[in-house]
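In case you want the letters, here they are:
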Amino acid sequence: MDGPDENLSVFISDLHVGGVNKKLAYTRPRLEKVVNEILAMRPLPKRVICFGDIGLSYGLAADYAVSRPILQRIIDAGIDLHLTMGNHDRRSSFLKYWPEYGQNAFVPGRFTQVVSLGFADLVLLDTLKGTDDRAENDMGPVEGTIDPAQLAWFEKFISEAKRPFFVGSHQFRDLYIEGAKPIARAAKSAFFAGWLYGHDHSWCPDIAVASWGKHLICPTLALPSTGLWGDIGYVVFRTDADGATAELVQSDFYFQTPTAHAVRPRFWASRVQENQGKSMRFVFEK
Ligand SMILES: [Fe+2]
């Protein structure tokens, strides 16, 4: 069997798998289905990247106790797995089941990563604003941030980039920092190719103005959730010498749970049908 395809990645987000709230236990088999499909891909992707909200609601250790064995199957298949934090995560609980994230090479105390996607890099930011000392049943702030140390590292990365790069984070529209917005900073480099994010539970290709003065507009893509609510699925991402193509694989849509209505609203099936075969193309300017 051929090995994993270096240029092929799978993006998953908003897993929301937990060990306590039984009403939301349906997210676990949804994640298992996604993992099964990833492991059935041929060629296998070189890597799977998770854009946060691994925990269900509060980032309990019990959440990660459930999701680690499911995600471990990806690693056991020889596929690289990269995880970052969402607003429903908690670093200290996460580290109990993912101790390998304890020493970050770039920003102490954060889970910031630089991952090769083949023909481009991905800067995976850690935008979790909630602190580890918040109460166990405190979800923490919904919005995200890039702390000053991570921002300084990020700006250095941008200034030194020598090949195309994407930026990934949990929040994007809900991401706030002091001064110029994050996408404006990324777009200072002609190698910046697009911003990928979770949090919205919706397949949403879009554009964002990075600078009116410099006439810069950047592609952005919001990813589906593997199972909690909204667009349910994942994204297959393939880089080539000219750019990258994101392809949506969507299996369902519901709000707020699959059984929230006695009769499924007609829009749910319509949304799933409309989204079949959707893709987004990114091109490298440099
Ligand atoms: Fe989420």
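Please refer to the structure higher up on the page.
Heads up: these notes are all about the structure in this document. Only a predicted model underlies this, so the values are computations on that prediction, with no experimental measurement involved.

## Here's the deal with helix H6 (residues 266-275)
Here comes step 1: Among the residues of H6, Trp268, Arg271, Val272 and Asn275 are the ones counted as buried. Seen end-on, H6 carries its buried residues on one side only, within an arc spanning 95°. For H6, exposure combined with an orientation more than 90 degrees from the buried face picks out Arg266 and Gln273.
Here comes step 2: Looking at the buried side of H6, the elements it contacts are strand E10 (230-239) and strand E11 (243-254).
Here comes step 3: Looking one or two residues beyond H6, the residue adopting positive phi is Gly277, at roughly 75°.

## Notes on the nonpolar core
Here comes step 1: In terms of nonpolar packing, the biggest core is built from 31 residues, with Ile12, Leu71, Leu83 and Phe94 touching the most fellow members.
Here comes step 2: Mapped by element, the contributors of at least two residues to this core are strand E1 (5-12), helix H1 (27-39), strand E2 (45-50), helix H2 (61-76), strand E3 (80-83) and E10.
Here comes step 3: Apart from the residues within four sequence positions on either side, Ile12 is in contact with Val34, Ile38, Val48, Ile49, Cys50, Phe51, Leu71, Thr226 and Tyr234.
Here comes step 4: Membership of the second largest hydrophobic core comes to 26 residues, among which are Phe157, Ile158, Tyr197 and Cys218.

## Some points on the coordination of the iron ion
Here comes step 1: Taken together, the protein ligands of the iron ion are Asp14 (OD), His16 (NE2), Asp53 (OD) and His201 (NE2), with distances of 2.0 to 2.4 Å.
Here comes step 2: Positions of the donor residues of the iron ion along the chain correspond to the pattern D-x1-H-x36-D-x147-H. Of this pair, Asp14 sits in the loop between E1 and H1 while His201 sits in the loop between strand E7 (192-197) and strand E8 (204-211); the two residues are 187 residues apart in sequence, bridging distant segments of the chain.
Here comes step 3: Residue class for His201 comes out buried when judged on its relative accessible area of 4%.

Cut-offs used in this document
Residues numbered from 1 in each chain as written. Predicted model: local features only at pLDDT ≥ 70, side-chain atom pairs only at ≥ 80, totals over all residues. Heavy atoms only, no water. Buried < 20%, exposed > 50% of the residue type's maximum accessible area, 1.4 Å probe, protein only. Helix = DSSP H or I, 4+ residues; strand = E, 2+ residues; numbered from the N terminus. Arc of directions from axis to C-beta. Contact = heavy atoms within 4.5 Å. Core = buried A, V, L, I, M, F, W, Y, C linked by side-chain atoms within 4.5 Å. Donors = N, O, S within 2.8 Å, 3.2 Å for Na, K, Ca; no water.

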